[in-house]
Amino acid sequence: MRTYAGHSTAKASNELYRRNLTKGQTGLSIAFDLPTQTGYDADDELARGEVGKVGVPIAHRGDMAMLLYGIPLDQMNTSMTINATAAWLLALYIVAAEEQGVDQSQLQGTTQNDIIKEFLARGTYAFPPAPSMRLIADMIAYTVQQVPKWNPINICSYHLQEAGATPVQEIAYAMSNAIAVLDAARERVPQETLGQVFGRISFFVNAGVRFIEEHAKLRAMSILWEEIGRERYGVSDTRHLRFRYGVQVNSLGLTEAQPENNVQRIVLEALAVTLGRNARARAIQLPAWNEALGLPRPWDQQWSLRIQQVLACETDVLEYPDIFEGSKVMDALVEELLQGAREEMAVVAEHGGAVQAVPYMKAALVESHRERIRRIESGEQTVVGQNRYVESEPSPLTADAEGGILVVDPAVEAEQIEAVRRWRSERDQAAVDAALAELARVAAAEDHGENLMIPTIAAARAGATTGEWARTLREVFGSYRAPTGVGEASGVLADGELAELREQVAKLSEQLGRRPKILVGKPGLDGHSNGAEQIAVRARDTGMDVVYEGIRLTPAQIAASALQEGVHVIGLSILSGSHRELIPAVIDALHEAGVNVPVVVGGIIPEHDIAALKQAGVAAVYTPKDFDITRIMRDIVGLVSAGGPNGDGASNGRA
């Protein structure tokens, strides 16, 4: 039983963890902030506004020691949601355990470490695909020998569903991903240990509100995983063939409108992974009711923990054999999902496997997500409180001054910047330089004969920082920008409101002398690009020209692109809580560049922040309750129309 937690500082997060453990939580699930996830220190330009927002900042072994203070690591099972920098965070965890007198062989837990999913759905990658897979394979090889109780990778289909994956796509892409990882690991470990490697791979899946279908999905994944183990890798030990998975239930379906409805959604989704014993989750973490609004508070997390405890201790779901065994309905549904997944896996294989098929899978996810949104917009798919039964009493849950969420003190970022600079000034710099030089040497070796975990742990002991470790590897491996999937997504038949809007855009094009152009930008480190992608696709479908360069842009880069492209309007997307810092910074950069066009903003933005954003110069703000993308596009076209007919991208209205 876990809650996914971490924010502000290592000290504050440690206090939160220790409180949660006293309430009956049985494992840790650490959320890291975006700079830590993507390999930047708090004082890096790209970390601006992101420090401590969606998780805890960990810059060095001192931070990790503080995060785990008073928590016995020889007894704790720790899950770390970390991918691109997984090797580094595991190294810091190993060093923190050493300082507690705990040998690494005693450590139990999981690092997510699933980079292909980052290229497809979450965006917290740091290095190109090939060296990223090398890091993963080295980490698997190291842990199998040195940290045998550790799950070195958690194949994560969770974010695939958040990006729009159907159950078939979630199964197929997760299994294809696992095959790519195992094929890479097979080259780094002795053949006789391959069964052990297979047995240490776990999965992290999503469970949506259609809980019968979701349960069938998990039964299908269990069957397929054993099939892959036996037939592709020759694994015969039944212990190694088990499909071991943890779950966070669906966040995509949580609504800002009538957020109290999220509680029953979470309960129903938890049933999907507990009702059938033969496909039951090993670990569950439940989101809080208010995650569509912002960061949950400790009380909100306690509520989610209590849901698990009531389910486990008061109901009888754990007392019986598998209640779906022999069900004709369940068997047929499982077989249908298996057939679809095998067919989709074959398509991925035809593309050369999961790494080479990233552009194909990304485009397919964008298309599936667009279809989901279309069903909600049309009313074909009901979302209670959002597109049906929308009448509501005021909620006492959101009536406080903060809107029912946790607000991170803006002073945290300045404190963390000062702390990491102080750490650098007080350490043995010569030891750090030597450790990073050795890391670079091993990374650059053409034969890949040495395991990267060895110099990574040495750098952690020496006192190197997260940003320094990642920068050293970026200098060797290079940088990477993942495909967006926007260009490959197919067009939507223009009927109804969209057809009317296309006519309006056509008339506007005549007035401007060219098609109206929108720049869709994601400032900062937030990798949740699903909303930005759907805005870009819908803008294209209306007849607008679209500039969308993906994630992780600085305000200066956005301003330069807007100037160069001569855009008429800019749409910014932020879901990490950094809007208060980054949106004004983008507007300032636009003014400095001489770009004066309307700016609209979308994301998880609390109601009490909207006025400040508009005062800073934002023309319109959209939050998750604004699910009708065509209506949003109509507003945007109206802003461009009101800006004047010159269309030169320089004087089309006020930013």
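Residues numbered from 1 in each chain as written. Predicted model: local features only at pLDDT ≥ 70, side-chain atom pairs only at ≥ 80, totals over all residues. Heavy atoms only, no water.

### Re the overall build of the protein
Point 1. When its secondary structure is counted, the protein shows 25 helices and 14 strands.
Point 2. The globule rule puts the C-alpha radius of gyration for 655 residues at 26 Å, and the 24 Å found for the protein is close to it.
Point 3. Expressed along its principal axes, the backbone C-alpha trace of the protein runs to roughly 70 × 65 × 50 Å.
Point 4. Taking all 655 residues of the protein together, the buried fraction comes to 60%.
Point 5. For the protein, the proportion of contacts with a sequence separation of at least 24, taken over those separated by at least 6, is 80%.
Point 6. On the protein, roughly 24,700 Å² of surface is accessible, and the fraction owed to carbon and sulfur atoms is 51%.
Point 7. Averaging the coordinates of the 61 positive side-chain charges in the protein and doing the same for the 84 negative ones gives two points 2 Å apart. (Helix = DSSP H or I, 4+ residues; strand = E, 2+ residues; numbered from the N terminus. Rg over C-alpha atoms; globule rule 2.2 N^0.38 Å. Buried < 20%, exposed > 50% of the residue type's maximum accessible area, 1.4 Å probe, protein only. Contact = heavy atoms within 4.5 Å. Areas by Shrake-Rupley, 256 points an atom, 1.4 Å probe, with all protein chains shown as cover. Lys, Arg positive; Asp, Glu negative; His and termini not counted. Charge placed at Lys NZ, Arg CZ, Asp CG, Glu CD.)

### Details of the side chain of Asn-14
Point 1. Structurally, the position occupied by Asn-14 is in helix α1 (residues 10–22).
Point 2. Judged by relative accessible area, which is 3%, Asn-14 ranks as buried.
Point 3. Not counting chain neighbours up to four residues away, the residues in contact with Asn-14 comprise Met-66, Leu-67, Leu-68, Tyr-69 and Ile-71.

### With respect to the packing of aromatic side chains
Point 1. Throughout the structure, instances matching the rule amount to 15 aromatic pairs.
Point 2. Between Phe-119 and Tyr-125, the ring centres sit 5.4 Å apart and the planes meet at 50 degrees, which makes this aromatic pair tilted.
Point 3. Judged by centre distance (5.6 Å) and plane angle (40 degrees), the ring pair of Tyr-158 and Phe-204 falls under tilted. In this pair, Tyr-158 is assigned in helix α7 (residues 158–162) and Phe-204 in strand β7 (residues 202–207), connecting sequence segments 46 residues apart.
Point 4. Judged by relative accessible area, Tyr-158 falls into the buried class, the value being 5%.
Point 5. What links up through ring pairs into an aromatic cluster is the set Phe-198, Phe-203, Trp-225, Tyr-233, Phe-243 and Tyr-245.
Point 6. The ring of Tyr-125 carries Arg-552 above its face, with NZ or CZ at 4.9 Å from the centroid. (Phe/Tyr/Trp six-rings, centres within 6.5 Å; stacked < 30°, edge-to-face > 60°. Lys NZ or Arg CZ within 6 Å of the ring centre and 35° of its normal.)

### Regarding the packing of helix α20 (residues 496–512) against helix α25 (residues 629–642)
Point 1. Closest axis-to-axis distance for the α20/α25 pair is 11 Å, and the angle between their directions is 15 degrees. Taken together, the axes of α20 and α25 are roughly parallel relative to one another. Note on packing geometry: the crossing formed by α20 with α25 is left-handed. Of α25, the residues touching α20 (which contributes Glu-497, Leu-498, Leu-501, Gln-504, Val-505, Leu-508 and Leu-512) are Thr-630, Met-633, Arg-634, Val-637, Val-640 and Ser-641. (Axes fitted to C-alpha atoms, helices over the stretch in contact; angles between N-to-C directions. Parallel < 35°, antiparallel > 145°, perpendicular 65-115°, else oblique. Left-handed = near helix turned anticlockwise from the far one by under 90°.)

### Considering the sheet that holds β7
Point 1. With parallel pairing, 4 strands are arranged side by side in an open sheet as β6-β7-β8-β9. In this open sheet, the two edge strands, each paired with only one partner strand, are β6 (154–156) and β9 (283–285). Between one strand axis and the next, the sheet turns by 25 degrees as a mean value, whatever way the strands run.
Point 2. In the sheet, strand β8 (residues 245–249) pairs with β9 via 3 bridges, with the strands oriented parallel. Paired with Val-247 across the bridge in β9 is Ile-284.
Point 3. On the sheet, helix α8 (residues 167–186) packs against β6 and β7 and is oriented at approximately 165 degrees with respect to β7. (Pairing = 2+ DSSP bridges.)

### As for unusual backbone geometry
Point 1. The phi dihedral of Ser-8 falls on the positive side, at around 65 degrees, and the residue is not glycine.
Point 2. Relative to the helices and strands, Ser-8 resides in the loop between β1 (4–5) and α1.
Point 3. For Asn-113, which is not glycine, the phi torsion reads 60 degrees and is therefore positive.
Point 4. In this structure, Asn-113 sits in the loop between β4 (108–111) and α5 (115–122).

### Some remarks on the side chain of Lys-522
Point 1. With respect to the secondary-structure elements, Lys-522 resides in the loop between β10 (517–521) and α21 (530–542).
Point 2. Polar side-chain contacts of Lys-522 include one of 3.1 Å to the backbone oxygen of Ser-573. (Polar contact = N/O pair within 3.5 Å; in protein donor to acceptor, adjacent residues only side chain to side chain.)

### Notes on the domain arrangement of the protein
Point 1. For the protein, the domain assignment lists domain 1 (112–378) and domain 2 (496–652).
Point 2. The centre of domain 1, based on its C-alpha atoms, is set 34 Å off from the matching centre of domain 2.
Point 3. Contacts between the two partners involve 21 residues from domain 1, matched on the other side by 21 residues from domain 2.
Point 4. Of the roughly 1,700 Å² buried where domain 1 meets domain 2, counting both sides, 46% is carbon and sulfur surface.
Point 5. Together, Glu-256, Arg-370 and Glu-377 form the three largest contributors to the area buried by domain 1 at its contact with domain 2, with a combined 35%.
Point 6. The interface formed by domain 1 and domain 2 contains 3 salt bridges.
Point 7. Here Arg-370 ties to Asp-541 by a salt bridge, and the two come within 2.4 Å at their closest N and O atoms.
Point 8. On inspection of domain 1 and its partner domain 2, the count reaches 11 residue pairs in polar contact (both at pLDDT 80 or more).
Point 9. Of all the secondary-structure elements, those providing two or more residues to the side of domain 1 that touches domain 2 are α5 and α15 (358–378). (Domains from an automatic or database assignment. Buried area = accessible area lost by both parts, 1.4 Å probe. Salt bridge = Lys/Arg side-chain N within 4 Å of Asp/Glu carboxyl O.)

### Quick word on the nonpolar core
Point 1. Counting residues in hydrophobic clusters, the biggest one holds 168 residues, and the most contacted among them are Met-64, Met-175 and Phe-203.
Point 2. Counting residues domain by domain, this core receives three or more from each of domain 1 (112–378) and domain 2 (496–652).
Point 3. Once residues within four sequence positions are removed from consideration, Phe-203 is found in contact with Asn-154, Ile-155, Ala-174, Met-175, Ala-178, Met-221, Trp-225, Phe-243, Arg-244, Tyr-245 and Gly-246.
Point 4. Of all hydrophobic cores here, the second largest spans 25 residues; its members include Leu-553, Ile-583, Leu-590 and Val-597. (Core = buried A, V, L, I, M, F, W, Y, C linked by side-chain atoms within 4.5 Å.)

### Describing the environment of Leu-508
Point 1. Mapping Leu-508 onto the fold places it in helix α20.
Point 2. Note: C-alpha distance between Leu-508 and Ser-641 (133 residues apart in sequence) is 6.8 Å.
Point 3. Ignoring anything within four residues of it in the chain, the contact list for Leu-508 reads Pro-516, Val-637, Val-640 and Ser-641.

### Some remarks on the pairing of strand β12 (residues 569–574)
Point 1. In terms of residue burial, β12 counts as a mostly covered element, since 6 of its 6 residues are buried.
Point 2. With burial as the criterion, each face of β12 is covered, one bearing Val-569, Gly-571 and Ser-573 and the other bearing Ile-570, Leu-572 and Ile-574.
Point 3. Across 5 bridges, β12 lies against strand β13 (residues 599–603) in parallel orientation. If you follow Leu-572 over to β13, its bridge partner there is Val-601.
Point 4. In the classification by handedness, the crossover that spans β12, the intervening helix α23 (residues 579–593) and the parallel β13 is right-handed. (Right-handed = clockwise from strand over helix to strand, strands pointing away.)

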